[in-house]
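Given next are the chains, with one letter for each unit.
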Amino acid sequence: MRILLTSSLYPTPLAPKLVGGAEIFARTFAETLKERGDDVEVIRGASAYGQAPETCNGIDIYSAPVRNIYLPFTEQRNVALRSIWHAVEDWQILAPMVTERIRAFKPDVLHSNNLSGLTTAIWRIAAQHGVPVLHTIHDYYLTCPRCSRFTKGRVCEHTCTSCSLLTYHRKRATHWLSAVVGVSERVLSIHTDLGMFADTPIRTVIHNASTSPPSAPFTRPLCTTEVTFGFIGRLTEEKGIENLMRALATLPREKFRTLIAGRVSDQEQQRLMALAPNARVEFMGFVAPDDFYKAVDVVIAPSIWHDPGPLVVADAKAAGRPLLGTRFGGMPEAIEHGITGWLTDADPESLANSMRNIASDPHKIVEISERLANDTNRWAFADVVSEYGKLYERLRGSKR
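Residues numbered from 1 in each chain as written. Predicted model: local features only at pLDDT ≥ 70, side-chain atom pairs only at ≥ 80, totals over all residues. Heavy atoms only, no water.

Draft legend 1. Examining the overall build of the protein chain more closely. Summing up its helical and strand segments, the protein chain has 15 helices and 16 strands in all. Relative to a compact globule of 400 residues, whose C-alpha radius of gyration would be 21 Å, the protein chain shows 22 Å and is just as compact. In terms of principal-axis extent, the alpha carbons of the protein chain reach across some 65 × 50 × 40 Å. Counting every position in the protein chain, which comprises 400 residues, the buried fraction comes to 55%. Summarising the internal contacts of the protein chain: among those between residues at least 6 apart in sequence, 69% fall at separations of at least 24. (Helix = DSSP H or I, 4+ residues; strand = E, 2+ residues; numbered from the N terminus. Rg over C-alpha atoms; globule rule 2.2 N^0.38 Å. Buried < 20%, exposed > 50% of the residue type's maximum accessible area, 1.4 Å probe, protein only. Contact = heavy atoms within 4.5 Å.)

Printed below as a string of structure tokens:
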């Protein structure tokens, strides 16, 4: 099978830019396809001007020049410029790099992931060359210029007028798709409830799995005097970090220890600590996931947005760590309350109450940890790739 994989970002030594889990998925996915014997090429959006082709782990990677007023994932505070950028993004109809690689590589399938900088023009070009297009929904690019459906501290339950205008052509472009995959039922339903993908022949869900599982699940001894909770990821508002700090402010410091892993400036660290000045909190910075999971008893993901399919849930399970998550996005699909972790409301009071209840029963923590560690039917990344492989075969069989 010959797969042309596209992703806004695809981290390599010459272009290491990394923002979230989607690009980690894309690289791990491409390399796993290569290992199983598929021919794979990657097209990513250029993260710098004049990026040359690169070969990484046997995969040829091409950086498509971004046809816009500035590169994606560049902080831009000027509202007018941001609006122009999104308008240009929405009206794109050309994708020269995709045209070139389709003619040279002759893929059986084009598989798109995040689209910022590449745009839905890649769908149009592929379909017009007779190549079936499969798209994986990792974010809300098709309905929201910010890709998050989150603004002013709240999740967007409706699409505002500006988002509707700036994503008009993106939504219409979905008629080029042969298949669409949601990384959760929730992210797919948010799109289909808006009337999208009505003409897409295949609509399905393939849940995420850990992209870098530990060699074996970690075990921690029972501790009845304190519980170590851990947060790992981007320390941003939508991830619920402020609610977590406010919850910690109400908990007794002698029984609760919290580790926070992720890049954060000294100024932001001080701001967060001011929300819970007496809490026992350690900012670990950027650390290897193994080091983080070995150090915590319970992972906490206090998201306040519809995170499509947070990889932290899959990673925590693979490490044998129960997870306390909120009822947003794909979290409820990935956590069985009381079996593999716990679900809670996202406000500080609910978070604090749930943390108290968990800490009051340390034997339950050990029980869930052992259940996760001994799970022989764990959903693994190889299963994810296998499911996509089946879709590829279906698409090749129905090639336009």
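Draft legend 2. Layout of helix H7 (residues 185-192). Inspection of H7 places Val187, Leu188, Ile190 and His191 among the buried residues, and these make up the whole buried set. Mapping the buried residues of H7 onto a view down its axis gives an arc of 155°, with all of them on the same face. Elements that come into contact with the buried residues of H7 comprise strand S6 (133-137), strand S9 (179-182) and strand S10 (202-205). (Arc of directions from axis to C-beta.)

Draft legend 3. Examining the packing of aromatic side chains more closely. For the structure shown, the criterion picks out eight aromatic pairs. With a centroid separation of 5.0 Å and an interplanar angle of 75°, the aromatic rings of Phe292 and Tyr293 are classed as edge-to-face. Residues Phe292 and Tyr293 agree in their burial class; the two are buried. The positively charged end of Arg170 is found above the aromatic ring belonging to Tyr141, 4.1 Å away from the centroid. Directly above the ring of Phe286 sits Arg263, whose terminal nitrogen or CZ lies 4.1 Å from the centroid. (Phe/Tyr/Trp six-rings, centres within 6.5 Å; stacked < 30°, edge-to-face > 60°. Lys NZ or Arg CZ within 6 Å of the ring centre and 35° of its normal.)

Draft legend 4. Summary view of the pairing of strand S4 (residues 59-64). Counted residue by residue, S4 has five buried out of six residues, so it is predominantly covered. In the sheet, strand S2 (residues 39-45) pairs with S4 via five bridges, with the strands oriented parallel. Note that in S4 the partner of Val42 across the bridge is Ile61. (Pairing = 2+ DSSP bridges.)

Draft legend 5. Local environment of the sheet that holds strand S15 (residues 323-326). Spatially, six strands are ordered S13-S12-S11-S14-S15-S16 in an open sheet, and the strand pairing comes out parallel. In this open sheet, the two edge strands, each paired with only one partner strand, are strand S13 (280-285) and strand S16 (341-344). The sheet shows a mean angle of 25° between the axes of neighbouring strands, direction not considered. The sheet strands contacting helix H8 (residues 241-248) are strand S11 (227-232), strand S12 (256-261), S13 and strand S14 (298-301), and the helix crosses S12 at an angle near 160°. Strands S11, S12, S14, S15 and S16 of the sheet are contacted by helix H13 (residues 348-359), whose axis makes an angle of about 155° with S16. (Axes fitted to C-alpha atoms, helices over the stretch in contact; angles between N-to-C directions.)

Draft legend 6. The arrangement of the nonpolar core in detail. Core analysis: the largest hydrophobic core is formed by 42 residues, its most contacted members being Ile43, Val98, Leu110, Ile122, Trp123 and Phe197. Secondary-structure elements contributing two or more residues to this core are S4, helix H3 (96-105), helix H4 (121-128), S6 and H7. Those residues in contact with Val98 that sit more than four places away from it in its chain are Ile43, Leu110, Ile122 and Ile125. Met245, Ala359, Ile365 and Leu372 belong to the second-largest nonpolar core, a separate cluster that totals 29 residues. (Core = buried A, V, L, I, M, F, W, Y, C linked by side-chain atoms within 4.5 Å.)

Draft legend 7. Local environment of the sheet that holds strand S1 (residues 2-7). Strand order in this open sheet of eight strands is S3-S4-S2-S1-S5-S6-S9-S10, and the pairing throughout is mixed. On the outer flanks of this sheet lie strand S3 (54-56) and S10, each paired with one strand and no other. Going across the sheet, the axis of each strand differs from the next one's by a mean of 20°, ignoring polarity. With three bridges joining them, strand S5 (residues 109-112) and S6 adopt parallel strand pairing.

Draft legend 8. Representation of the environment of Thr219 in the model. Secondary-structure assignment places Thr219 in the loop between S10 and S11. On the accessibility criterion, Thr219 (67% relative accessible area) is exposed. Along the sequence, Thr219 and Ser350 sit 131 residues apart, while their C-alpha atoms lie 28 Å from each other.

Draft legend 9. Broad picture of the pattern of salt bridges. For the structure on display, the rule yields 21 salt bridges. The partner of Arg44 in a salt bridge is Glu54, and the shortest N-O contact between them spans 3.0 Å. A residue pair is termed long-range when its members are at least 10 positions apart, and Arg44 in strand S2 and Glu54 in strand S3 qualify at ten residues. Salt bridges sharing common partners tie together Glu242, Arg246, Glu268 and Arg271. (Salt bridge = Lys/Arg side-chain N within 4 Å of Asp/Glu carboxyl O.)

Draft legend 10. The side chain of Glu238, seen in detail. Mapped onto the elements of the fold, Glu238 is located in the loop between S11 and H8. For Glu238, a relative accessible area of 16% translates into the label buried. For Glu238, the side chain forms a polar contact with the side chain of Arg234, separated by 3.4 Å. In terms of polar contacts, Glu238 uses its side chain to reach the side chain of Thr236, at 3.3 Å. What Glu238 contacts, discounting residues up to four positions off in sequence, is Phe150, Ser303, Ile304 and Trp305. (Polar contact = N/O pair within 3.5 Å; in protein donor to acceptor, adjacent residues only side chain to side chain.)

Draft legend 11. Just the side chain of Gln92, in detail. Mapping Gln92 onto the fold places it in the loop between helix H2 (79-91) and H3. At 2.5 Å, the side chain of Gln92 and the backbone oxygen of Arg67 are in polar contact.

Draft legend 12. Inspection of the pairing of S9 at higher detail. Taking every second residue as pointing to the same face, both faces of S9 are buried, with Ala179 and Val181 on one and Val180 and Gly182 on the other. Here S6 pairs with S9 via four bridges, running parallel. For Thr136, the partnering residue across the bridge sits in S9 and is Val181. Two strands pair when backbone bridges link them, and S9 and S10 are joined in this way by four bridges, in the parallel orientation. Residue pairing for S10: Val181 is matched across the bridge by Thr204. Note that the unit made of S9, H7 and S10 has a crossover that is right-handed. (Right-handed = clockwise from strand over helix to strand, strands pointing away.)

In short, shape yes, function no, at least from these values alone.
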